[in-house]
Amino acid sequence: MAETDLAQLRFLFDAIVDLPEAERAAHLATLITDPDLRKRVLRLARSSDGHTSRATQVARQLSGIVEGISGTEVSVGDTLGAWKLIGQIGSGGMGAVFLAERGDGHFEQRAAIKVLQGVPSAAALAYLSSERQILATLSHPNIARLFDGGATPKGRPYLVMEYVDGVALDAHVRAGQLSTTATLRLFVRICEAVVFAHARLIVHCDLKPSNILVDASGRPVLLDFGIARLLEQRSTESTPSAGRAYTPRYASPELSSGAPIGIAADVYSLGVILAELLGDRVDRDLAAIIAKASAALPGDRYASVALLALDIERYLDRRPLSARAPQWHYTLGLLLRRRWLAFAVGSVFLTTVAVFSTRLLQERDRAVVAEATSRREAETAKAVSGFMQDLFRGADLEAGGARDTTALSLVDRGRERIDTELATQPATQSDLLVVLARVYANLGEPVQAEAMYRRALGIERGFKPQRAENLVLLLSELAELLCERNRHAEAEPLAREAMASSTAVSSAQPSAQLMAMSAMAKVENGLMHFDAADALLTRILAQRQSLGDPEHELAITWSMMGENASQRGDNERALKEFRRSAEALTRQLGASHPRTLDARQAVAVALARTEQLDQAEALLRDVLKRRLALHGERSSKVSSVQSELAYLLTQKGQYIESAVLNEQVLAHDAAVEGAQSPVYARTLNNLAFAYQNMGDADRCVAAFKQSLAIRIATLPAGDLAIARAQNNLARFLMWLGRTDEAKPLVDAALAIRSTSLPPEHEERNESLISSMEWSRRHGDLEGARRRWSEIEPHLASVHIYTRLEAQRTRAWLAVSEQHPGTLALIRVYIDGLRKELGAQHPSILRGRVAEMEMLETFGEHAAARTLAKELQARFLALPKAYPAHSVFHQRVRRVAEAV
């Protein structure tokens, strides 16, 4: 019997032996079509029932035959590559697993080596090698690393993996007698590791408790990631696959049947594992989660492991689950459990109010007013209730709704029906438009959100008398939305109207006044009126504290204080405020709440601005994962994180990856915001910086010019965003030697910034540096020295990158002056780069290009040529930062090859 036939026989036997006899034939029919082989497997399975002596003989015969043909060839004491096998950990259908240690004497290290069954073809070995390289990229604290691999002398493949000293997941839960909460939190950590792998297009396919070990510190570690899929491909070229390597108990129906599989297979396995871990500790909510995760059809399961983990976090936070249909009594029950003290106090309060109100209602006139108000509110409530019930019927399958109905599709449906169904009820119409606007904003659909707000505002302005509180909230929310979209000047009149209208709001309604002040503070901050913003924020915080607002409300103000500090250039204070906000929101709302994610994203940006780049990247990637699970790929919330991540990659010297990510964000902005929006212009600007750093001159200039054109067309004259685009383009044009094109841009940017900003401000000094460089290049050395005298007093207060740029520009002025200390000045600049970015950062090479060109200008051609040849090799060694067409390659080649 051929080796693959025996392997298939063993696989099929394992797949049905644990099933009830009545179910075996049907399940086997889903796996194979050969009737003779089916009969043979069923006969073997029947002989094993009851563990008779005959069954034992059959099993031993089958095992012996397979092991005789498909043995692992090696044993304890043998050496594979640099590894010596010092013990056998276990064996199974995939092969044998050995404990190994390095035997080459280079350093001490232990590993687990899995020697796989069978001898694959050369093509299959090549496949194994390529897939092994992909699996080796899974670097996550909760995934065992794949270090190495190869083949034994007889051709059997082996894999060298991280050795984890731990116990199986189910044994750990039992031995530690973990509570339900502790078990769920451990399970969420496992889900996060699976999400990490899925994001890299790697599916496990054999998740089970024995493949998840928990070490002494309580850290879960997933083993054999992707190995099952890898084994699936290891058959010979001429023989069909022996069948997929998996454990039937935890395998999804599509995996068992041989159908195509994806991440839904891992979702199913996790659902089965969760059911086993919890046992009889499953309440109605947990049962709903398990049922959705382990549904028979992939489309009925959670769409991703991230969504499964999110539902578990919702359960832990006592919030409504996506696995359960929304019902008012269910949602209210969770709210009561989560906020029982507030409801208890509120009940006492409401009882007191009711008694007091009863007495007041004895007054005839008040009774009439109350009756009219009550009738009006009842009519509104009835209209809203009917509208919402009809709207959500779109998700009711029995009423003809679609299973894939999303929040966005429901909101779109509601938007279409508000005009027709509520045309005679303008107050209700306005209220619902505001609700839909908020939902659109939270879903990351700002264009639709703005449209809803503006329609509601048009209705609200028509009321006589006006509903003051509604108008203030509406104006404030629209102003804040415009600020988020980089349209601060457009938001300013709305915020000022909200402030003025808030004086008509009852002092018993402080929320409207606070909203108006918050919107105005955002506008002032965006327009760089920092003192005015600070004064407003101080008032807001004091008022919130006097009202006894909870932490998650105070966190809004702390976050705004952080943004103001960041705009001022006080990055340390900004980080402190953002962290305080994020920590409070995490405690109060949970790690995946939209407001928490906003705050954590702000922390990441602040970390990047304080040069804590690795921490910033880890946090941004975590926020991005949660955003994708919560909002979906289309959302501007997701693109916002991607944009920040792209900028961070530029800081880290990963210019090409940054450009690719920015291009993705740009495509999103075009679809959602429009290709003539300020948001699109901002992303273009970021993309241009990535092109500039990698030396892609043509695309850099084109992107900067397009960004500037959009800003001029969409923003008011004199807007600081226009000045930023002008200065960015001017600096790069001068570096390319196109100084005549740069001149009007330099002057225009400096004029705007000098009018709007104080002398010490970062952006004003950036424009002074550009003006100094233009004067030097045109031979106006006296003018350049005057600019330097304006810049120098403020160098200590500007960001380090601006300071280094100033030093580079000063060094070039010394070149033009033929100053003998010129090279020392450029080396101070390069040393500064090394200190801030690390000796191996790609941007240091660009600094050294300036050094090379200065040497050449001074006539030290031999030294310039030597340096150019060194730089040639170093640029070529960084293809992820500097592509072959980079202008930096051209510049160093010109000097290196000069005669």
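To be clear, the structure that these remarks concern was listed above.
In this report, the structure presented in the accompanying data block is examined. (Residues numbered from 1 in each chain as written. Predicted model: local features only at pLDDT ≥ 70, side-chain atom pairs only at ≥ 80, totals over all residues. Heavy atoms only, no water.)

Notes on the overall build of the protein chain
When you go through the protein chain residue by residue, the secondary structure sums to 39 helices and 9 strands. Burial statistics for the protein chain: of 899 residues in total, 48% are counted as buried. Across the protein chain, every contact between residues at least 6 apart in sequence was considered, and the portion connecting residues at least 24 apart equals 60%. As presented, the protein chain carries roughly 41400 Å² of accessible surface, and 54% of it is formed by carbon and sulfur atoms. (Helix = DSSP H or I, 4+ residues; strand = E, 2+ residues; numbered from the N terminus. Buried < 20%, exposed > 50% of the residue type's maximum accessible area, 1.4 Å probe, protein only. Contact = heavy atoms within 4.5 Å. Areas by Shrake-Rupley, 256 points an atom, 1.4 Å probe, with all protein chains shown as cover.)

Details of helix 31 (residues 720–735)
With 16 residues, helix 31 extends 23 Å between its outermost C-alpha atoms, agreeing within 8% with the 22 Å of an ideal straight helix rising 1.5 Å per residue. Most of helix 31 is tucked away: 13 of the 16 residues are buried. With a side-chain oxygen lying 2.8 Å from the backbone nitrogen of alanine 721, the N-terminal cap of helix 31 falls on aspartate 719. (Expected span 1.5 Å × (residues − 1). Polar contact = N/O pair within 3.5 Å; in protein donor to acceptor, adjacent residues only side chain to side chain.)

Regarding the environment of valine 603
Along the chain, valine 603 falls in helix 25 (residues 594–609). Residues within four places of valine 603 in sequence aside, it is in contact with Leu575, Phe578, Arg579, Ala582 and Leu619.

Focus: helix 33 (residues 762–777)
Across its 16 residues, helix 33 extends 23 Å between first and last C-alpha, which sits within 8% of the 22 Å expected from 1.5 Å per residue. Most of helix 33 is tucked away, with 15 of its 16 residues classed as buried. Phi for glycine 779, located one or two positions after helix 33, is positive at around 80 degrees.

Regarding the packing of aromatic side chains
Applying the stated criterion across every chain yields a total of 7 aromatic pairs. Taking 5.4 Å as the distance between ring centres and 90 degrees as the angle between the ring planes, the aromatic pair formed by phenylalanine 689 and phenylalanine 704 counts as edge-to-face. A residue pair is termed long-range when its members are at least 10 positions apart, and phenylalanine 689 in helix 29 (residues 678–694) and phenylalanine 704 in helix 30 (residues 697–714) qualify at 15 residues. Plain terms: the ring middles of phenylalanine 732 and tryptophan 735 are 5.8 Å apart, the flat faces sit at 15 degrees to each other, and that makes the pair stacked. Placement of the pair is phenylalanine 732 and tryptophan 735 together in helix 31, with a separation of 3 residues, close to one helical turn. On the basis of relative accessibility, which here comes to 3%, the residue phenylalanine 732 falls in the buried class. In textbook terms, an aromatic cluster arises when at least three aromatic residues are bridged by ring pairs, as seen for Tyr655, Phe732, Trp735, Phe875, Tyr882 and Phe888. The ring centre of tyrosine 302 lies 5.3 Å from the NZ or CZ of lysine 292, which sits over that ring. Note that lysine 743 overlies the ring of tryptophan 774, its terminal NZ or CZ placed 4.1 Å from the centroid. (Phe/Tyr/Trp six-rings, centres within 6.5 Å; stacked < 30°, edge-to-face > 60°. Lys NZ or Arg CZ within 6 Å of the ring centre and 35° of its normal.)

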